[in-house]
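Chain by chain, the residues:
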Amino acid sequence: MSAAELARDGPTLHGPELAARLERSWSRDPGLLGWLATVDHKEIGRRYLVTAFVFLALAGVLALAMRVQLARPDQNIIGAARYNEIFTMHGTTMMFLFAVPVMDAVAIYLIPLMLGTRATSFARLNAFSYYVYLAGGMLLWIAFVLNVGPDVGWFAYVPLSGPEYGVGKRADIWAQMVTFTEVAALSVAVVLTATILKQRAPGMSLDRMPLFAWAILVTSLMVIFSMPSVALASGMLLSDRLVGTQFYNPTENGDALLWQHLFWFFGHPEVYIIFLPAVGFVSEITATFCRRPVFAYPVMVMAVVAIGLLAFGLWVHHMFATGLPRVGYSFYTAASMAVAIPTGIQIFCWITTMWLGRPRFDVPFLYVVAFIVTFVIGGLTGVMVASVPLDLQLHDSYFIVAHFHYVLIGGAVFPLLGAITYWYPKVTGRLMSERLGKLSFWLLFGSFQLTFFPMHLSGMLGMPRRVYTYPAGLGLELPNFLSSIGAFIVALAFVLFIANVFLSLRRGAIAGPNPWKAGGLEWATSSPPPPYNFAHVPSVGSATPLWDGPLKWMSGLRVDEKEMLLTTVVSARPDLREPVPEPSIWPFISALALTVMFVSSIFSPWAVLFGLVPLGVALIAWFWPKQLEPTAEPVIE
Amino acid sequence: MSDAPTFERDLADVPTSAFGSRSLTWWGVIAFMAIEATGFALAIGAYFFLMAHEHSWPPEPWLPPDLLAGTLFTTLIVLSEVPNTLAKHAAEKHDLPAVRRLLIVMAVIGAVLLVLRGFEFNSLNVRWTDNAYGSVIWLLLFLHTTHIATDWADTLVLAALMHTREGEEARRFTDTSENSLYWRFVWLTWLPIYLLLYWLPRWAP
Ligand code: HEM
Ligand SMILES: [Cu+2]
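Just so it is clear, the structure is predicted and the values come from calculations on it, not from any experiment.

K.L.:
Talk me through the environment of R200 of chain A; I want residue IDs and the actual numbers.
P.N.:
All names here are of chain A. Examined against the element boundaries, R200 turns out to sit in the loop between α6 (170-198) and α7 (211-242). A residue is classified by how much of its surface remains accessible, and R200, at 1% relative accessible area, is buried. As a C-alpha pair, R200 and T117 span 83 residues in sequence and 6.7 Å in three-dimensional space. When sequence neighbours within four positions are dropped, the list of residues in contact with R200 reads L115, T195, S205, L206, M209, T567, T568, V569, V570 and A572. From its side chain, R200 meets the backbone oxygen of V569 in a polar contact 2.6 Å long. Polar contacts involving the side chain of R200 include one to the main-chain carbonyl oxygen of V570, which spans 3.2 Å.

K.L.:
Now, about the coordination of the iron atom of ligand 1: what can you tell me, with residues and values included?
P.N.:
All names here are of chain A. The protein atoms donating to the iron atom of ligand 1 are H90 (NE2) and H405 (NE2), with metal-donor distances spanning 2.0 Å. Here the iron atom of ligand 1 is ringed by 6 donor atoms whose angles at the metal span 88 to 180°, and the overall shape comes out octahedral. Placement of H90 in helix α4 (residues 80-115) and of H405 in helix α14 (residues 398-428) is noted, with a sequence separation of 315 residues between them. For the pair shown, H90 and H405 are each scored as buried.

K.L.:
Before we move on, could you go through the UniProt feature "domain: Cytochrome oxidase subunit I profile" (unreviewed entry) in chain A and cite the residues and values that matter?
P.N.:
Taken from the UniProt record, the annotation "domain: Cytochrome oxidase subunit I profile" (unreviewed entry) applies to residues 35-541 of chain A. Across residues 35-541 of chain A, the secondary structure splits into 69% helix and 1% strand, with the terminal C-alpha atoms separated by 38 Å.

K.L.:
Give a description of the site of ligand 1 that names residues and reports values.
P.N.:
Residue and element names in this part refer to chain A. Around ligand 1, the structure places 22 residues, and the nearest of them are Y83, H90, H405, R465 and R466. Taking H90, its side chain carries an N or O atom lying 2.8 Å from a nitrogen atom of ligand 1. Between an oxygen atom of ligand 1 and a side-chain N or O atom of R465, the distance comes to 2.8 Å. When contributions to the shell around ligand 1 are tallied by element, the ones reaching two or more residues are α3 (41-70), α4, α14 and α16 (477-507). When residues in the shell around ligand 1 are grouped by element, the largest group, 6 residues, is from α4. Split into classes, the residues belonging to the shell around ligand 1 amount to 15 nonpolar, 4 polar and 3 charged.

K.L.:
Outline unusual backbone geometry, listing residues and values.
P.N.:
Residues and elements named next belong to chain A. Each neighbour pair has its own omega, and for V158 with P159 the value is 0°, a cis peptide bond. With respect to the helices and strands, P159 occurs in the loop between α5 (123-145) and α6. The peptide bond linking S527 to P528 adopts the cis configuration, its omega dihedral lying at -10°. Topologically, P528 is positioned in the loop between α16 and β1 (537-539). With a phi close to 55°, D74 is a non-glycine residue in the positive phi region. Its place among the elements puts D74 in the loop between α3 and α4. Look at N147: it is not a glycine, yet its phi comes out positive at around 65°.

K.L.:
Which residues make up the UniProt feature "transmembrane region" (unreviewed entry) in chain B, and what values do they have?
P.N.:
Residue and element names in this part refer to chain B. Here, UniProt's "transmembrane region" (unreviewed entry) annotation points to residues 24-47, 98-116, 136-161 and 181-200. Secondary structure within residues 98-116 divides into 100% helix and 0% strand; the distance between the first and last C-alpha atoms comes to 27 Å. Segment residues 136-161 splits into 100% helix and 0% strand. End C-alpha atoms: 38 Å apart.

Cut-offs used in this document
- Sequence order sets the numbering: in each chain, residues are counted from 1 along the sequence as written.
- For naming, the first written chain is A and the first written ligand is 1, with later ones following in the order written.
- Given that this is a predicted model, residues contribute local features only at a pLDDT of at least 70 and side-chain atom pairs are listed and counted only at 80 or more, while totals for whole chains, interfaces and linings are drawn from all residues.
- Derived side-chain values reflect all non-hydrogen atoms in the structure, with water molecules and hydrogen atoms excluded from consideration.
- Starting at the N terminus, helices and strands are each numbered in turn, a helix being any DSSP run of H or I of at least four residues and a strand any DSSP run of E of at least two.
- Using a 1.4 Å probe on the protein chains alone, a residue whose accessible area is under 20% of its type maximum counts as buried, one over 50% counts as exposed, and one in between counts as partly exposed.
- Residue contacts are defined here by distance: any two heavy atoms, one from each residue, within 4.5 Å place the two residues in contact.
- In the analysis that follows, any N or O atom pair within 3.5 Å is treated as a polar contact, provided that within protein one partner can donate a hydrogen and the other can accept it, and provided that, for residues neighboring in sequence, both atoms belong to side chains.
- For Na, K and Ca the donor cutoff is 3.2 Å, while for all other metals N, O and S atoms must lie within 2.8 Å; water is not among the atoms, so some sites may look incomplete.
- Four donors are marked tetrahedral only if all angles between them lie between 85 and 135 degrees, whereas four are marked square planar and six octahedral if opposite donors are more than 155 degrees apart and the other angles lie between 65 and 115; the remainder are marked irregular.
- UniProt positions are given in the numbering used here, feature names are shortened, and annotations may be inferred rather than shown by experiment.
- A molecule or strand has a residue near it when one of that residue's heavy atoms lies within 4 Å.
- For this classification, the nonpolar set comprises Ala, Val, Leu, Ile, Met, Phe, Trp, Tyr, Cys and Pro, the charged set comprises Asp, Glu, Lys and Arg, and every other residue, Gly included, is treated as polar.

What follows is the structure, given as structure tokens:
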């Protein structure tokens, strides 16, 4: 068969007939095996999202347990040791199993749609990453249920987590959970970087790329350059604990501060890895609900890039209390304050957009407003603790707990809930209930302030973080009681939000392709999108193509094989036609083999060696190309 | 039937394989190289951080590693760039017989390197449990060995693949070319580690 006879979309093949044939090439087998073998980014993104929310719920329940214990002074509902485990599990789960993966989830689902392509790059790696993430989360939580959950805090400082004080397997579980989540996050970062650089629709040059895609590109690069640090640190911790190396042991000239440097070299960028995707959500939502592109697009892009770069110069501000050289103090204080500048500029751009536009206060936009208010407060307390004398007072107090929940919940969770409400119709085909949405929004916004604002006060009154109780008579009763009441209302608000998600699956108004009249390509396909996303290749001439009149298309991709278009990195000119991998069970099996290897290595270092064999076999099977098809194209030079 | 959408262009004539930054594989390899280079850089950072705590390097009374195995290893890995470049060029010219031959040469070199690496571990004159110095040089050598091993396995699989009918597919030549690129990364990262393991302990006070 010659190249010309192969079936391609175009003037003679479009509409329902094309859809039916594409559906046949792109759909996967039904049943469990098909489910495990899928490489569809939309399915994988949905799984990531659901899993991340399950972990949010679990960590949320632990937060409630802590608030019950702290509601009144001198209580002993949860003992000191159990409390250590609970705050460790809460923090670890929130950071590693909820906040980072949930942002990945949204990006995996949306980025190919926003770029107008049919799949992500390295679709099997994407599937693999999900199973690795799931395994890491299960390791942590099964260990917790079996009473070997970690109890060393979410940053597991040595020597507490080292071989001398961290007896038993608790710290090993923590460190190995980190390995799992790093493998997953790094894989996703590679997938997203390549997708964004190589798969944008023709015409979508870098300066026409949605701001969300910019945010995800910078985030992914930050993952690539920061996560190896924590992987290395936790690998060294494991080897100190399991094979007797001396990295962190001061008596053999190791150093506990090495851990802190390596951890925070990752840990500070981590905050922005969580925050930047949220910046992307806010930009997309603001544009749509103000009915105009975000003000000063190039400035927004530069601010995102600047944050990404600056974030690598800040890690030492987590170590002000460790006694560093003087110059170090001044430098890192200045750098920490400097990062407020690009963030401030962004906030200014959003507010200008609102000022110039005609904002529509639907639920997604309400979350944007709540984000701005809350994040500004959290940012201000952040600038406060960037100054060393104040930090030495407030370090390890509830003031810090208040600060980072303002930043994390205000800066990431509010935009996330807005984003879910905004893109829900794309994923499900129906809109969420506006009334229930408003109710849960106001409840959440109010109760959030009630929970976390008083923590500033208890912190300034001297309440240290990570204590399971406090004595009466120091003025700590009232703020703590308010925080506890607030926490339960926060939980109620979340329950309402989730109820809305489920109820609207059946009852929501039918959305159609573009219910918000937005400008991005993800709204150019049906809701929910077909497995192949777009029947033809969209071609764009601006950052908001759907606002420019009817969309133009390109034709000529294969119909009976899964194929997508690669474009050039800067100007997005059509360059190559690239096959998309078929579904495969091997990424799942590879993840399984990796899990066996990682988990058993906690018990014997030899497991690494023996574990490599099944892993190697699975990887080879994964990468071995499928049988040559009789329709394979002749080589075109 | 819906009306046909407006088509600006037909993409049927767009090619299906290319080398270098045009191909997706290249970007994947570059991204993984960035991840691993960061890992090496941080491990090297840890080496200097720990070195700053010592009065002498290696700390008294330990001796620096013996030179023989490491230096043989270094010589061979640098020389391996010759067949590596030839393999890359052969792939880019779609010269299947040459690619087949050169991949086998690379696989043999990889095996010899792994054996030499075994002797290197044996000539460090310190165990990883002895002190932080021992831990960090074992770490560097171990990290680098994982790269040698990974690329060796990759080369074996690729060599096998090229001896099947799959080898005639254009995309396999891209894979070969990117495998050569990765090997460059592996030997280039070795050079600073060689200095840190074998020479800095001889030069430092
Ligand atoms: C449902 C709302 C939440 C409540 C009521 C809550 C409550 C708390 C409390 C009381 C602590 C302090 C424990 C202590 O120091 O004794 C804490 C710690 C922490 N929380 Fe939350 N939290 C919530 C949501 C979140 C979210 C969404 C995140 C991240 C995205 C998060 C991340 C953390 C971290 C990293 C810690 C530090 C853990 C440690 O000290 O090792 N929290 N939380
Ligand atoms: Cu920080």
